[in-house]
Amino acid sequence: MTQAAPAATSRTADTAVRLDGVSKAFGSGGNRLLALDNVSLSVAPGEFVCLLGASGCGKSTLLNLVADLDRPTAGTIDTGDARVAMMFQEPALFPWLTVSANVELALKARGVPRGERRDRAGDLLASVHLRDFGRKRPHQLSGGMRQRVALARALALTVNEDGAAGGTVLLMDEPFGALDAMTRDLLHDELERIWTERSLSILFVTHNVREAVRLGDRVVLLSSRPGRVVEEFPVPMDRPRRIDSPEVSSLAAHITDRLREEVGRHGA
Ligand SMILES: Nc1ncnc2c1ncn2[C@@H]1O[C@H](COP(=O)(O)OP(=O)(O)OP(=O)(O)O)[C@@H](O)[C@H]1O
């Protein structure tokens, strides 16, 4: 099951995201905190990779680095010419804008001409099954629906000026962590469909081991802080998978044992 961390090589067409020897420290002197230590990791185009690890091991830090919201202290990160969008646990929609306007704003940021934004937003909302909700305000939607809007907005951030989806990397930071189990199951199905239709490359952070096995082509386990890649688990089961299937449960139990060992080792 274990795969060695990939050797430091330059990015190729087979790689959507590549981290080589990435470390990240916050603060300095006595206050220096090493969050990530020499992380090497790659995501192939169209691959769905789930990142698991104990609380505080640096998962969000890693996504922020890939999104270019922060700089690594050491190492390199390459996303080539892919469009990178990020989605968080909170949908973070503008409450005073309609659902459609929230998505249109992202299209505006991508340079889509004003006259085309409404229709494009409609198409994106249709792809998350919310075509009829464009005129609503976020507070009129359920939590699951708001996350669908956040997904449509993330997808909007990945279109080219001509509206076509470019090479696209979607970074997801516990996007379904605040939802009930039933809603989460539905959104797993939705995300899987959209991932396939749009050939997205996804790096998905979660605390939920079963969710990682339900969704990922590969599950990457990080050590307790400082985060290092300790083990990678390919997920061989056919899709779509059921989160409560014996196969998902069995691999999830194995990964959970490994995670417990890791947390125990560091007393986190
Ligand atoms: N901007 C910052 N300044 C200082 N320390 C930070 C900063 N961002 C993160 N940290 C610290 O880096 C470590 C890793 O944080 P991070 O949020 O990446 O962990 P995580 O694995 O995503 O945690 P969780 O699973 O609880 O969300 C933590 O100890 C955190 O306190």
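Before reading further, recall that the structure is shown in the block above.
First, a word on scope: everything that follows refers to the structure included in this document. (Residues numbered from 1 in each chain as written. Predicted model: local features only at pLDDT ≥ 70, side-chain atom pairs only at ≥ 80, totals over all residues. Heavy atoms only, no water.)

### A few points about the environment of Gln140
And then number 1: With respect to the helices and strands, Gln140 occurs in the loop between α3 (114-127) and α4 (143-156).
And then number 2: The exposure class assigned to Gln140 is partly exposed, which follows from its relative accessible area of 46%.
And then number 3: Taking the C-alpha atoms as reference points, Gln140 and Leu34, separated by 106 residues in sequence, lie 42 Å from one another.
And then number 4: Engagement of the side chain of Gln140 in a polar contact is seen with the backbone nitrogen of Arg137, the distance being 2.7 Å. (Helix = DSSP H or I, 4+ residues; strand = E, 2+ residues; numbered from the N terminus. Buried < 20%, exposed > 50% of the residue type's maximum accessible area, 1.4 Å probe, protein only. Polar contact = N/O pair within 3.5 Å; in protein donor to acceptor, adjacent residues only side chain to side chain.)

### Re the packing of aromatic side chains
And then number 1: Tallied over the entire structure, the rule returns 4 aromatic pairs.
And then number 2: A centroid spacing of 5.8 Å and a plane angle of 45° characterise the contact between Phe48 and Phe204, whose relative ring orientation is tilted. On the criterion of sequence distance, the pair formed by Phe48 in strand β3 (residues 48-52) and Phe204 in strand β7 (residues 201-205) is long-range, its members being 156 residues apart.
And then number 3: Where Phe176 meets Phe204, the ring centres are 6.0 Å apart and the plane angle is 55°; that geometry is what we call tilted. On the criterion of sequence distance, the pair formed by Phe176 in the loop between β6 (168-173) and α5 (181-198) and Phe204 in strand β7 is long-range, its members being 28 residues apart. As far as the burial class goes, Phe176 and Phe204 line up, both buried. (Phe/Tyr/Trp six-rings, centres within 6.5 Å; stacked < 30°, edge-to-face > 60°.)

### A few points about the site of the ligand
And then number 1: In the vicinity of the ligand lie 14 residues, with Ser55, Lys59, Ser60, Thr61 and His207 positioned nearest.
And then number 2: A distance of 2.7 Å is found between an oxygen atom of the ligand and a side-chain nitrogen or oxygen belonging to Ser55.
And then number 3: One of the backbone nitrogen or oxygen atoms of Cys57 is found 3.1 Å away from an oxygen atom of the ligand.
And then number 4: Protein burial of the ligand: of its 640 Å² of free accessible surface, 60% is covered by the chains.
And then number 5: Looking at the shell around the ligand, the element that brings in the most residues is helix α1 (residues 59-66), giving 3 residues.
And then number 6: Its residues assigned to classes, the shell around the ligand shows 5 nonpolar, 6 polar and 3 charged. (Near = heavy atom within 4 Å. Areas by Shrake-Rupley, 256 points an atom, 1.4 Å probe, with all protein chains shown as cover. Nonpolar A, V, L, I, M, F, W, Y, C, P; charged D, E, K, R; others polar.)

### Side note on the nonpolar core
And then number 1: Leu151, Met172, Leu191, Ile202, Phe204, Val213 and Val219 are the most contacted members of the largest nonpolar core, which has 50 residues in total.
And then number 2: In this view, Met172 contacts Leu63, Met87, Leu151, Leu191, Ile202, Leu203, Phe204 and Val205; residues no more than four positions away in its chain are not counted.
And then number 3: If you look at the next biggest cluster of nonpolar residues, it comprises 23 residues, including Leu19, Leu51, Val66 and Leu222. (Core = buried A, V, L, I, M, F, W, Y, C linked by side-chain atoms within 4.5 Å. Contact = heavy atoms within 4.5 Å.)

### Remarks on the side chain of Glu190
And then number 1: By the secondary structure assignment, Glu190 is in helix α5.
And then number 2: Within polar-contact distance, the side chain of Glu190 engages the side chain of Arg193 at 2.9 Å.
And then number 3: Excluding its chain neighbours within four sequence positions, the residues that come into contact with Glu190 are Ser127, Val128, His129 and Arg148.

### Regarding the side chain of Thr168
And then number 1: By the secondary structure assignment, Thr168 is in strand β6.
And then number 2: Judged by relative accessible area, which is 4%, Thr168 ranks as buried.
And then number 3: What Thr168 contacts, discounting residues up to four positions off in sequence, is Arg83, Thr158, Leu200 and Ser201.

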